[in-house]
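# Geometric and topological summary
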Amino acid sequence: MKTSLVTLSCGQSPRTDILPLLLEHLPEEQIVHVGLLDGLTHAQIEQQYTPEKGSKVQVIRLNEGSLVSVSAEKITAGLQRRILLLEECGYDTILLLCSGDCGPLYASIAVLLEPDRLVPPLVKAIVGGHQVGIVVSAAGQIHAQANKWKNLKHPPCFAVASPYQTNDDPLIEAALSLQEQGADVVVLDCMGYHPRHRDFLQALLGIPVLLSNVLIARLAAELLV
């Protein structure tokens, strides 16, 4: 069977936090995983992606758990070069494993699936006029998220809870905050959130909870032949 889909991460591959979720919807034999920072040491990452003074910073979690601060512009440029290279390698579909704004990216031939571009219209179609609460992984993301979700019927409310916490206390606090703000649908908008987070919040709040990564994985599955 032809390998036709490649996942592309801003960090390193494979994304072990996301892979089991993807494989619930996508056939493993048709997927290859690529990370922009694959094979680079910390020193090499700093040399190639250190942000300039005053430039936009992006925080990336490496596979061994540490966080690195990199230039968002350099990451965007690197992703674009990698997308064109993957097209040359013959991949039909490229799935970007990042729910944030990675800048203006394009593919010449392949289908490029960008969660930041595709998930908000899907959620809008699903929730209609309901009040949406968005959980993000870091407070610094909220400003960009407000623009991302601007086409919802009502402006969303926000809360912060990293999917990588060792306990659920931040998630509980975020959920209760959204409930107080009137949310009757919650979106977990980070690729690191897991179905267990969704199930936990649905049981806690008694309202629908959507996972961005599940929505995009199901969409990717529809494109495989």
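This text follows the structure it describes.
Treat the numbers as computed from the prediction; the structure is a model and nothing was measured.

## Re a nonpolar patch on the surface
- There is a patch of nonpolar side chains on the surface, built from V57, V59 and L67 and spanning about 280 Å² of accessible area.
- Here V57 shows up in strand β3 (residues 57–61).
- The class for V57 is partly exposed, based on a relative accessible area of 44%.

## Thoughts on the packing of helix α4 (residues 115–127) against helix α8 (residues 212–223)
- Direction vectors running N to C along α4 and α8 enclose 100 degrees, while the axes themselves pass 10 Å from each other. By the angle between their directions, the pair α4 and α8 is classed as roughly perpendicular. Contacts from P115, L118, V119, L122, V123 and I126 in α4 reach S212, L215, I216 and L219 in α8.
- Class assignment of the residues belonging to the contact of α4 with α8 gives a composition of nine nonpolar, one polar and no charged.

## Describing the sheet that holds strand β9 (residues 185–188)
- Strand order in the open sheet made by the four strands is β8-β7-β9-β10, with parallel pairing throughout. Across the chains shown, the open sheet's two edge strands, defined by having one partner strand only, are β8 (157–160) and β10 (209–211). Sheet twist, expressed as the mean angle between neighbouring strand axes with direction ignored, is 25 degrees.
- The sheet contact formed by strand β7 (residues 132–136) and β8 spans four bridges and is parallel. The residue of β8 that forms the bridge with I134 is F158.

## Observations regarding the sheet that holds strand β6 (residues 111–113)
- In space, the four strands of this open sheet follow the order β2-β1-β5-β6, with parallel pairing throughout. The two strands at the open ends of the sheet, each matched to only one other strand, are β2 (31–35) and β6. Within the sheet, the average angular offset between the axes of one strand and its neighbour, ignoring direction, is 20 degrees.
- Strand direction decides the pairing type here: strand β1 (residues 5–9) and strand β5 (residues 93–96), joined by four bridges, are parallel. Following the sheet pairing, T7 is matched in β5 by L95.

Rules used in this analysis
- Residues numbered from 1 in each chain as written.
- Predicted model: local features only at pLDDT ≥ 70, side-chain atom pairs only at ≥ 80, totals over all residues.
- Heavy atoms only, no water.
- Patch = residues over 30% accessible without salt bridge, like charges linked within 9 Å, V, L, I, M, F, W, Y side chains within 5 Å.
- Areas by Shrake-Rupley, 256 points an atom, 1.4 Å probe, with all protein chains shown as cover.
- Salt bridge = Lys/Arg side-chain N within 4 Å of Asp/Glu carboxyl O.
- Helix = DSSP H or I, 4+ residues; strand = E, 2+ residues; numbered from the N terminus.
- Buried < 20%, exposed > 50% of the residue type's maximum accessible area, 1.4 Å probe, protein only.
- Axes fitted to C-alpha atoms, helices over the stretch in contact; angles between N-to-C directions.
- Parallel < 35°, antiparallel > 145°, perpendicular 65-115°, else oblique.
- Contact = heavy atoms within 4.5 Å.
- Nonpolar A, V, L, I, M, F, W, Y, C, P; charged D, E, K, R; others polar.
- Pairing = 2+ DSSP bridges.

By themselves, these are just geometric observations and shouldn't be taken as functional.
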